[in-house]
Amino acid sequence: MGEQIKIFRDTWAEINLDHISYNVESMKRHVSDGAIVIAVIKANGYGHGDAAVAEAALEAGASYLAVATLDEAMALRKKKIQAPILVMGASRPENAGDAAKENIALTVFQKDWLSNAKEYIRTGEELRIHLKFDTGMGRLGIRSRNELEGIESAAKRDGHFLIEGVFTHFATADSLDNHYFEQQLSRFEEMIGWMEEVPKYVHSSNSAAGLRFPKAHLNAVRMGISMYGLAPSMEMKPELPFPLKEAFSLHTKIVHVKKIHKGEKVSYGAAYEAKEDEWIATLPIGYADGWVRKLQGQEVLVEGFRVPIVGRICMDQCMIKLPYEKPVGTQVTLIGEQDGARIPVDEIARKLETINYEVTCMVSSRVPRIYKRDGLVIGGVNYLL
Ligand SMILES: *Cc1c(COP(=O)(O)O)cnc(C)c1O
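A. Representation of the packing of aromatic side chains within the structure. Counting across every chain of the model gives 6 aromatic pairs. Seen in terms of ring centroids, Phe133 and Phe188 are 5.9 Å apart; in terms of plane orientation they differ by 75°. Their pairing is edge-to-face. One end of the pair, Phe133, is in the loop between β6 (127–132) and α7 (145–157); the other, Phe188, is in helix α8 (residues 179–193), with 55 residues separating them in the sequence. As far as the burial class goes, Phe133 and Phe188 line up, both buried. Both rings, one in Phe181 and one in Phe213, keep their centres 3.8 Å apart while their planes meet at 15°; by these two values the pair is stacked. Placement of the pair is Phe181 in helix α8 and Phe213 in the loop between α9 (207–212) and β9 (220–223), with a sequence separation of 32 residues. Judged by its relative accessible area of 1%, Phe181 falls in the buried class. The class for Phe213 is buried, based on a relative accessible area of 8%. Members of the aromatic cluster, each reached through a chain of ring pairs, are Tyr46, Tyr228 and Tyr357. One cation-aromatic arrangement involves Lys245 over Tyr22; the distance from NZ or CZ to the ring centre is 4.2 Å.

Here it is in structure tokens:
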């Protein structure tokens, strides 16, 4: 970062790193004494950009990073991120040596995995592992005492592995009904009791549990969605322990403006018909950018006013209806703030009948990410160049 980035099309996502810092600092203050913040930056930092978010989070007090896949962890190492990284998903035993060499911790939940993996770790190298317990998510993890004892003793018998952590994942921490959460937490505590030795990091909380349940902080909180300033669920919004600041915004600029007459049509299918003389502007953003066809009819901001997308959204472009003529080059905000008006990520999620997590992730790699601090551009990534 720091260098000027080249962008040839006026469509970009802007990431407010001050907000990422603020969210991490707030969580750091909120977590129990002695607990660390693990910044979850899988899926290119939930679409915000992996390295830039990692740097901001580490600077703000996070001390560990987590991703979903070994490829994501390797990508961070390639970008010179040196902090400890945990891969939370499954990795191949054949790649255990690659992870050990890059000081990347892997998630383990099968005994066979360990016996296969040790063949791939060079003598003198050690792979850090976190054991995953399935306490009710039903996705990955050890479920029985038998399995756990087999895995723990196999890992300890072999000098290639260091059990650095143990963790689980909640299925319902974002729901105001705490029943299933409590059940999972008790099961986790019970399973930890089965261990011969409790490892350095014992972690269970995602953002929702981190925000709502100090007793689930243990000694590390895995902070994902809330680091980006988004609430884990709508029902949790009224009871956040500190306000969150959204980091993501999406912008473009008008590339063409025209007046069409009553009865004239717009876009594929000629499905939109002007009811009167109308000003129509064309925007260089479409479904290949993640601005999906279901967003037809969604409003966008032009000079702080809401105007609708009309006609079908194309692969690379879409059209909006303006109240009056605006010049080519006028900035249009699709997500975020403009002149005191705001379209939050949650509004797009509602329109798409999905969750905010999906919205920032789906803005595709064709859209460059621009990073701002104190209102100034400090860098960016154009994934195409
Ligand atoms: C994605 C993920 C998280 C982060 O969850 P948020 O709800 O985004 O905070 C934590 N733990 C695991 C295992 C995950 O897969």
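We are not done yet, so read on.
B. Focus on the site of the ligand. Around the ligand sit Val40, Lys42, Tyr46, Met88, Arg139, His169, Asn206, Ser207, Arg222, Gly224, Ile225 and Tyr357, and that is every residue in its neighbourhood. In this structure, a nitrogen atom belonging to the ligand sits 3.4 Å away from a side-chain N or O atom of His169. Between an oxygen atom of the ligand and a side-chain N or O atom of Ser207, the distance comes to 2.6 Å. For the ligand, whose accessible area on its own is 390 Å², the fraction buried by protein is 93%. The residue inventory of the shell around the ligand, partitioned by class, reads 5 nonpolar, 4 polar and 3 charged.

Cut-off values and rules
Residues numbered from 1 in each chain as written. Predicted model: local features only at pLDDT ≥ 70, side-chain atom pairs only at ≥ 80, totals over all residues. Heavy atoms only, no water. Phe/Tyr/Trp six-rings, centres within 6.5 Å; stacked < 30°, edge-to-face > 60°. Helix = DSSP H or I, 4+ residues; strand = E, 2+ residues; numbered from the N terminus. Buried < 20%, exposed > 50% of the residue type's maximum accessible area, 1.4 Å probe, protein only. Lys NZ or Arg CZ within 6 Å of the ring centre and 35° of its normal. Near = heavy atom within 4 Å. Polar contact = N/O pair within 3.5 Å; in protein donor to acceptor, adjacent residues only side chain to side chain. Areas by Shrake-Rupley, 256 points an atom, 1.4 Å probe, with all protein chains shown as cover. Nonpolar A, V, L, I, M, F, W, Y, C, P; charged D, E, K, R; others polar.

Nothing here speaks to function; it is geometry throughout.
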